[in-house]
Amino acid sequence: MSTYETLLAKIENKTAKLGVVGLGYVGLPLIRAFANVGFSTIGYDVDQKKIDRLLKGESYIAHIPTEWIKEWLASRTFAPTTDMLRLNEADAILICVPTPLNDSRDPDVSYIESTGRYIAAVLRPGQLVVLESTTYPGTTRDVLLPILEKSGLRAGVDFFVAYSPEREDPGNPNYTASGIPKVVGGMDANSLELAHKLYSFAVVKTVPVSSCEVAEATKILENTYRAVNIALVNELKILFDKMGLDVWEVIDAAKTKPFGYQAFYPGPGLGGHCIPIDPFYLSWLARKVGLTTRFIEVAGEINTHMPHYVVEKIGDALNDLGKPIRGSKICILGMAYKRDVDDPRESPSFELYELLSTRGAVLSYSDPHIPVMPRMRHHEVPDLRSQELTPTFLASQDVLLIAMDHTAFDYAAIVKHGKLVVDTRNATKNVKEGREKIKKA
Ligand SMILES: NC(=O)c1ccc[n+]([C@@H]2O[C@H](COP(=O)([O-])OP(=O)(O)OC[C@H]3O[C@@H](n4cnc5c(N)ncnc54)[C@H](O)[C@@H]3O)[C@@H](O)[C@H]2O)c1
């Protein structure tokens, strides 16, 4: 049998051993999707602390239950390790490592490169390597493949390569990794068939496309679409506010149209590891071929301005009360980038913190999902702990700034006890009493 036929048979009878590299927000749910249908996985990560916690049966991500890890360990279907030499034990290696931007906002594919080097060092005939990290079209072929081929093995003959973007929506109970269709592109027909077959076991639907580049571009299109549409409503929020119109009421009315409109919501700025970052992978690529992505640039400009707009609104609201920002006590409610999750990456709350701090505000924060202020790559943050929102604390603040609409916050109490509530999420929409204290921003 050829290497292709051998691997196909292992996938078909579910004896193929999986290797998931990068055990974060994407890697762990992916393991679950495969564990549920009977595949065993070796989980690789460079972070020894994470591996130690997994070995103890613990989860380090709030919406990923500890029970999952305990179950996998008990059934011996999961082996977490930092030992990258063990990558040769996996028949199919799925790469879920970070793809951030560097300081000059260019793609940082160094995590993909280092993973590629780990794999190349132990690559053996009959392995399938699938990149899942979000990245620009061409990364699998031009960055990952040459590193893997340094092993001396030939892609499409000895080993197989595919790209399949992750579409995880952390904290969304309606969509688990297995419930989301998965786009798959292969470096060649056999690679596509192997990846397609493998994912078909774990996800509701597999969508094969003609190349890795199409699959890579699909993911970037999805995230760019979100970034641009969020920028559109952010810009309209500012305009409608000047006209005395509430943008959230307008959106609620518009979304009653049963076709041709999808609701996006304004906020204090973009957050997360995807929407503020991925479109710029495409801009970078466009610059390389002498083109510009004007929509992406404009959206980026509008979205990065939003924290400044919010601070301006806070300044205006305090001014109406005869107070300056300097010396005012401001509590930021919500440091996470997304509702009900514990992920602070790229959250605009940190930008708000910095802008208000430079203006002399006396700052605190409250986030039930982030008990201790995390260290951030691009922001200076002091050692703070999340404040409990007692009536006394709420009443002691000059401004309660709602930056994230976590469901755990008691909005009626926030408005009742607070002096001034600046709401960037329309989180207080159902609060009946004390509405004169609410300023939308
Ligand atoms: N989080 C999401 O909702 C989401 C959704 C879709 C796509 N993505 C994409 O998936 C990728 C992973 O994102 P994430 O949110 O899971 O990141 P994460 O930071 O939660 O997890 C990545 C893990 O990779 C580990 N790691 C880094 N370098 C490594 C290496 N060389 N070898 C082994 N492990 C390494 C890190 O220690 C970390 O545990 C990114 O490209 C991201 O853009 C994320």
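Residues numbered from 1 in each chain as written. Predicted model: local features only at pLDDT ≥ 70, side-chain atom pairs only at ≥ 80, totals over all residues. Heavy atoms only, no water.

## Description of the overall build of the protein
Helix and strand counts for the protein stand at 14 helices and 13 strands. Computed over the C-alpha atoms, the radius of gyration of the protein is 24 Å, within 12% of the 22 Å expected from 2.2 N^0.38 for a compact globule of 441 residues. Reported as C-alpha extents along the three principal axes, the dimensions of the protein are approximately 80 × 50 × 40 Å. Classification of the 441 residues of the protein by burial places 53% in the buried group. A fraction of 68% describes how many contacts in the protein between residues 6 or more apart in sequence connect residues 24 or more apart. Here the protein displays about 19,700 Å² of accessible surface, and carbon together with sulfur accounts for 54% of that area. (Helix = DSSP H or I, 4+ residues; strand = E, 2+ residues; numbered from the N terminus. Rg over C-alpha atoms; globule rule 2.2 N^0.38 Å. Buried < 20%, exposed > 50% of the residue type's maximum accessible area, 1.4 Å probe, protein only. Contact = heavy atoms within 4.5 Å. Areas by Shrake-Rupley, 256 points an atom, 1.4 Å probe, with all protein chains shown as cover.)

## Focus on the site of the ligand
By nearness alone, 28 residues border the ligand, and Val26, Asp45, Lys50, Thr99 and Arg345 come closest of all. Aspartate 45 has a polar side-chain atom sitting 2.6 Å from an oxygen atom of the ligand. Measuring from a nitrogen atom of the ligand, one finds a side-chain N or O atom of serine 114 at 3.0 Å. Protein contact buries 93% of the 820 Å² of open area that the ligand shows by itself. Top element by residues in the shell around the ligand is helix α5 (residues 110-122). It accounts for four residues. Along the lines of polarity and charge, the residues of the shell around the ligand split into 13 nonpolar, eight polar and seven charged. (Near = heavy atom within 4 Å. Polar contact = N/O pair within 3.5 Å; in protein donor to acceptor, adjacent residues only side chain to side chain. Nonpolar A, V, L, I, M, F, W, Y, C, P; charged D, E, K, R; others polar.)

## Regarding the sheet that holds strand β1 (residues 18-21)
Sheet architecture is open: eight strands sit in the order β3-β2-β1-β4-β5-β6-β7-β8, paired in mixed fashion. One side of each edge strand has no neighbouring strand; the edge strands of this open sheet are β3 (78-81) and β8 (206-209). Within this sheet the neighbouring strands show an average axis-to-axis angle of 25°, counted without direction. Relative to strand β5 (residues 128-131), strand β4 (residues 92-95) runs parallel, the two sharing four bridges. (Pairing = 2+ DSSP bridges. Axes fitted to C-alpha atoms, helices over the stretch in contact; angles between N-to-C directions.)

## Some remarks on α5
Between the first and last C-alpha of α5 there are 19 Å, a value that for 13 residues agrees with the 18 Å anticipated at 1.5 Å per step. Against β1, β4, β5 and α6 (139-149) lie the buried residues of α5. (Expected span 1.5 Å × (residues − 1).)

## Quick look at the pairing of strand β2 (residues 41-44)
Alternating positions in β2 separate into two faces, Thr41 and Gly43 on one and Ile42 and Tyr44 on the other, with burial throughout. Sheet analysis places β1 next to β2, joined by four bridges and oriented parallel. By the bridge assignment for β2, glycine 19 is matched with isoleucine 42. Regarding the hand of the β-α-β motif, the stretch spanning β1, helix α2 (residues 27-35) and β2 is right-handed. (Right-handed = clockwise from strand over helix to strand, strands pointing away.)

## A short note on the environment of valine 161
Counting through the fold element by element, valine 161 comes out in strand β6 (residues 160-163). Owing to a relative accessible area of 1%, valine 161 belongs among the buried residues under this scheme. Along the backbone, valine 161 and asparagine 190 are 29 residues apart, and their C-alpha atoms lie at a distance of 9.1 Å. Once you skip the residues sitting within four places of it in the chain, valine 161 turns out to touch Leu128, Val129, Thr140, Leu145, Leu148, Gly186, Met187, Ser191 and Cys212.

## Some thoughts on the packing of α2 against helix α7 (residues 189-202)
Where α2 meets α7, the axes come as close as 7 Å, and the angle between the chain directions of the two elements is 80°. Put simply, α2 runs roughly perpendicular to α7. Contacts between α2 and α7 involve Leu30, Ala33 and Phe34 from the first element and Leu198, Tyr199 and Ala202 from the second. (Parallel < 35°, antiparallel > 145°, perpendicular 65-115°, else oblique.)

## Observations concerning the packing of α5 against α6
Between α5 and α6, the least distance of the axes is 8 Å, while the angle of their chain directions is 35°. α5 and α6 meet at a crossing whose hand is right-handed. Contact with α5, carried on its side by Ile112, Glu113, Gly116, Arg117, Ile119 and Ala120, involves Thr139, Val143, Leu144, Ile147 and Leu148 of α6 and no other residues of that element. Split by residue class, the contact of α5 with α6 holds seven nonpolar, two polar and two charged. (Left-handed = near helix turned anticlockwise from the far one by under 90°.)

## What about the environment of proline 170?
With respect to the helices and strands, proline 170 occurs in the loop between β6 and β7 (182-186). Note on proline 170: relative accessible area 8%, which makes it buried. In the structure, proline 170 is positioned 27 residues away from valine 143 in sequence and 28 Å away in space, judged by C-alpha atoms. The contact partners of proline 170, leaving out residues within four places of it in the chain, are Tyr25, His63, Tyr337, Lys338 and Val341.

## Topic: α7
Helical geometry note: an α-helix holds 3.6 residues per turn, so side chains three or four residues apart project in the same direction. Look at α7: 21 Å from first C-alpha to last across 14 residues, which is about the 20 Å you get at 1.5 Å a residue. Measuring from the backbone nitrogen of asparagine 190 back to the side-chain oxygen at the start of α7 gives 3.1 Å, which picks out aspartate 188 as the cap.

## Points about empty space enclosed by the protein
Scanning the model with the defined rule gives one cavity of 30 Å³ or more in all. In this model, the largest cavity occupies a volume close to 50 Å³. Here the residues of the lining of the largest cavity sort into five nonpolar, no polar and four charged. (1 Å grid on protein atoms, 1.4 Å probe; cavity = no way out; pocket = protein on both sides within 12 Å on 5 of 7 lines; lining within 4 Å. Points joined across faces, edges and corners; volume = space filled by probe spheres on them.)

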